[in-house]
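Observations on the model geometry
Here is what each chain is made of, one letter per residue.
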Amino acid sequence: MTDSQPKSGLTETHSVYTSLRSAFMSTTPLAPSSPAGHPVYVIGAGPGGLAVAAALRARGVRAVVLERSDAVGASWRAHYDRLRLHTTRRLSALPGLKMPRSFGRWVARADVVRYLEKYAEKHELEIVTGVEVFRVERAGADWVLHATGGRRLTGRAVVVATGFNHTPRVPEWPGLDRYEGELSHAREYRHPGPYAGKDVLVVGIGNTGAEIAADLAEGGAGRVRLAVRTVPHIVRRTTAGWPAQRTGILVRRLPTGLVDRMGALMARAGTPDLSAYGLPRPDTGLATRMREGAVPVQDVGLIDAVRAGKVGIVAAVEAFEGGEVVLADGTRIAPDAVIAATGYRRALEPLVGHLNVLDDRGRPVAHGPRSPREAPGLYFTGFTNPISGMFRELAIDAEKIARRIARTTGRGQKREMPL
Ligand SMILES: Cc1cc2nc3c(=O)[nH]c(=O)nc-3n(C[C@H](O)[C@H](O)[C@H](O)COP(=O)(O)OP(=O)(O)OC[C@H]3O[C@@H](n4cnc5c(N)ncnc54)[C@H](O)[C@@H]3O)c2cc1C
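Structure report, in brief. Note that the structure is a prediction, hence the values are computed from the model and not measured. Residue positions are given per chain, counted from 1 along the sequence in the order it is written. Local features in this predicted model are restricted to residues whose pLDDT is 70 or higher, and side-chain atom pairs enter the listing and the counts only when it is 80 or higher, whereas totals over whole chains, interfaces and linings include all residues.

Brief notes about the sheet that holds strand E4 (residues 133-139)
Rules: For two strands to count as paired, DSSP must find a minimum of two bridges between them. A run of DSSP states H or I qualifies as a helix once it reaches four residues; a run of E qualifies as a strand once it reaches two. Both are numbered from the N-terminal end. Axis definition: a line fitted to C-alpha atoms, over the contacting stretch in the case of helices. Angles run 0 to 180 degrees between N-to-C directions.
Taken in spatial order, the three strands make up an open sheet running E4-E5-E6, and their pairing is antiparallel. Only two strands of the sheet have a single partner each, and these edge strands are E4 and strand E6 (151-155). Across the sheet, the mean angle separating the axes of adjacent strands is 25 degrees when strand polarity is ignored.

With respect to the site of the ligand
The cut-off we apply is this: Each residue receives a C-beta atom built from its backbone; the residue is near a molecule or strand if that atom lies within 6 Å of it. Note that Gly is not counted as nonpolar here; it falls among the polar residues with everything else outside the nonpolar set of Ala, Val, Leu, Ile, Met, Phe, Trp, Tyr, Cys and Pro and the charged set of Asp, Glu, Lys and Arg.
Taken together, 35 residues are adjacent to the ligand, and Gly44, Gly46, Gly48, Gly163 and Gly382 come closest. Across the shell around the ligand, the residue classes break down as 15 nonpolar, 17 polar and three charged.

Some details on the pairing of strand E11 (residues 223-228)
We count it as follows: Counting other C-beta atoms within 10 Å of a residue's C-beta gives its exposure: the residue is buried at 20 or more, exposed at 12 or fewer, and partly exposed in between, where C-beta atoms are placed from the backbone.
With five of its six residues buried, E11 lies for the most part within the structure. When strand E10 (residues 199-203) meets E11, the two strands line up parallel, connected through five bridges. Each residue of the ladder has a partner; that of Asp199, found in E11, is Arg223. As judged from the four bridges shared by E11 and strand E16 (residues 312-315), these two strands associate in the parallel manner. Looking across to E16, one finds that Val228 is bridged to Ala315.

Some thoughts on the packing of helix H2 (residues 47-57) against helix H11 (residues 390-408)
Our working rule: Helix crossings fall into two classes, left-handed where the near helix is turned counterclockwise from the far one by less than a right angle and right-handed where it is turned clockwise. We call two residues in contact whenever the C-beta atoms placed from their backbones are within 7 Å.
For the pair H2 and H11, interaxial distance at closest approach is 8 Å and the crossing angle is 35 degrees. Considering the relative orientation of H2 and H11, their crossing is right-handed. Here H2 contributes Pro47, Gly48, Ala51, Val52, Ala55 and Leu56 to the contact with H11, which in turn contributes Phe391, Leu394, Ala395, Ala398, Glu399, Ile401, Ala402 and Ile405. A breakdown of the residues in the contact of H2 with H11 according to their chemical character gives twelve nonpolar, one polar and one charged.

Some remarks on the nonpolar core
Note the threshold: A set of buried Ala, Val, Leu, Ile, Met, Phe, Trp, Tyr and Cys residues, joined to one another through C-beta atoms within 7 Å, is what we call a nonpolar core.
Grouped together as the largest cluster of nonpolar side chains are 68 residues, with contacts concentrated most on Val42, Leu50, Val52, Val65, Val158 and Val159. Ranked by residue count, the leading element in this core is H11, at nine residues. Aside from chain neighbours lying at most four places away, what touches Leu50 is Ala45, Val65, Val72, Leu94, Leu116, Tyr119, Ala120 and Leu125. Within the second largest apolar cluster, 36 residues are counted, among which are Tyr189, Val228, Ile303 and Val306.

A short note on the environment of Gly323
Position of Gly323 relative to the elements: it lies in the loop between strand E17 (317-321) and strand E18 (324-327). Assessed through the 12 C-beta atoms surrounding it within 10 Å, Gly323 is described here as exposed. Linking Gly323 and Pro335, residues twelve residues apart in sequence, is a C-alpha distance of 8.6 Å. Apart from residues no more than four positions distant in its own chain, Gly323 is found in contact with Glu180, Gly181 and Ala334.

In structure tokens form, the structure reads like this:
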């Protein structure tokens with residue numbers, strides 16, 4: 001299935017943003033000021049940026065979304081084919097547009113893309129594609145954005161929505177620069193086809209690594225091994241029809257120790273002991289791990305694949321030597337292909353690092369409706385990884401950010417957004 005196939009009531013739309021782009025780009029090197037002054041610039045046309053733009057528009061605030069790729073939802077266009085939201089359809093909708101029932105409970109990747117296209121059209125968002133913002137600078141009470149083609153765009157506020165999973169991260173393993181085998185990052189993985197019959201090592205047991213390993217095992221790879229540094233918490237997507245996401249929402253504000261104990265009880269009741277296969281239960285609690293930034297793995301096939309011996313668990317990768325991969329237990333293996341599911345960097349440093357608004361992990365010091373003290377009018381959305389579901393949090397933050405911006409710019413009457 002491709003992203004452009006009409007399905008489920010959301011037909012392929014005339015792209016509002018493309019025509020706006022040509023109007024914008026051909027006539028104005030600088031963004032035109034609205035009667036109320038400069039627009040609010042939103043950087044990034046993923047779900048986070050689109051939701052903020054729609055919420056601003058609903059309050060009468062002009063928002064212009066700048067997107068470096070050529071379409072909305074670039075991250076979702078690039079994800080692997082079999083991906084579905086592991087958060088429910090209902091709890092993943094953005095403000096002002098439900099996801100159609102026909103999408104089912106677990107929305108397919110291509111339907112997420114279709115939804116985002118429809119979202120932009122429905123809310124008549126001003127989106128300029130093909131424009132990357134390189135640097136944001138303060139200019140009195142306003143902000144200046146340095147963007148593609150030497151543009152200098154002045155905004156009265158800026159919302160950074162460039163994504164938690166921005167730039168693929170591959171560890172600096174010793175010997176990697178001399179490794180002669182095939183190595184790619186999980187972002188490049190689309191489907192198991194190219195790996196048919198091959199011996200594949202997937203590195204990293206986050207949600208992405210776990211699902212890619214299962215996909216390869218089900219899709220005809222000759223041998224699949226999954227390299228694990230820290231055993232994760234593995235949870236079922238649903239238990240007796242109850243989605244894990246709802247539990248995540250309920251326990252989110254409970255004390256860490258309590259959630260750790262509840263998580264251990266639920267794990268014993270809900271997921272089998274995989275110790276014999278190299279995946280013992282973690283000795284650190286689920287909520288404690290969340291605080292350290294590690295989200296639980298939602299099982300979408302890994303447990304069955306491991307128990308069936310279709311995915312072998314091996315020690316973490318330590319180094320590369322010639323054509324071999326050296327594992328933490330000293331084992332040396334020579335897979336045909338290595339897929340590094342080793343995460344992403346926020347990569348906010350070039351954009352806003354000079355503004356003193358990032359912590360030592362490169363994350364914004366303030367999030368959602370709060371601006372960093374040093375940078376009033378600069379907002380960030382999408383830079384947390386909540387157990388309650390990111391789409392849900394993006395939707396909540398969009399309303400809060402829009403309310404705050406509308407208030408500080410003297411607007412604030414929200415008109416109802418049609419559903
Ligand atoms: C594999 C995977 C599965 C996920 N599944 C779920 C799920 O089931 N449920 C859930 O709630 N969350 C899920 N998430 C988490 C999250 O909801 C998504 O990553 C979501 O796309 C985040 O939205 P965003 O708008 O913050 O970032 P993105 O969707 O990444 O959008 C950022 C946009 O900004 C653009 N951009 C970046 N830099 C610039 C720049 N300098 N100038 C202009 N444009 C720029 C990018 O091209 C991109 O279009 C998943 C994430 C991943 C990686």
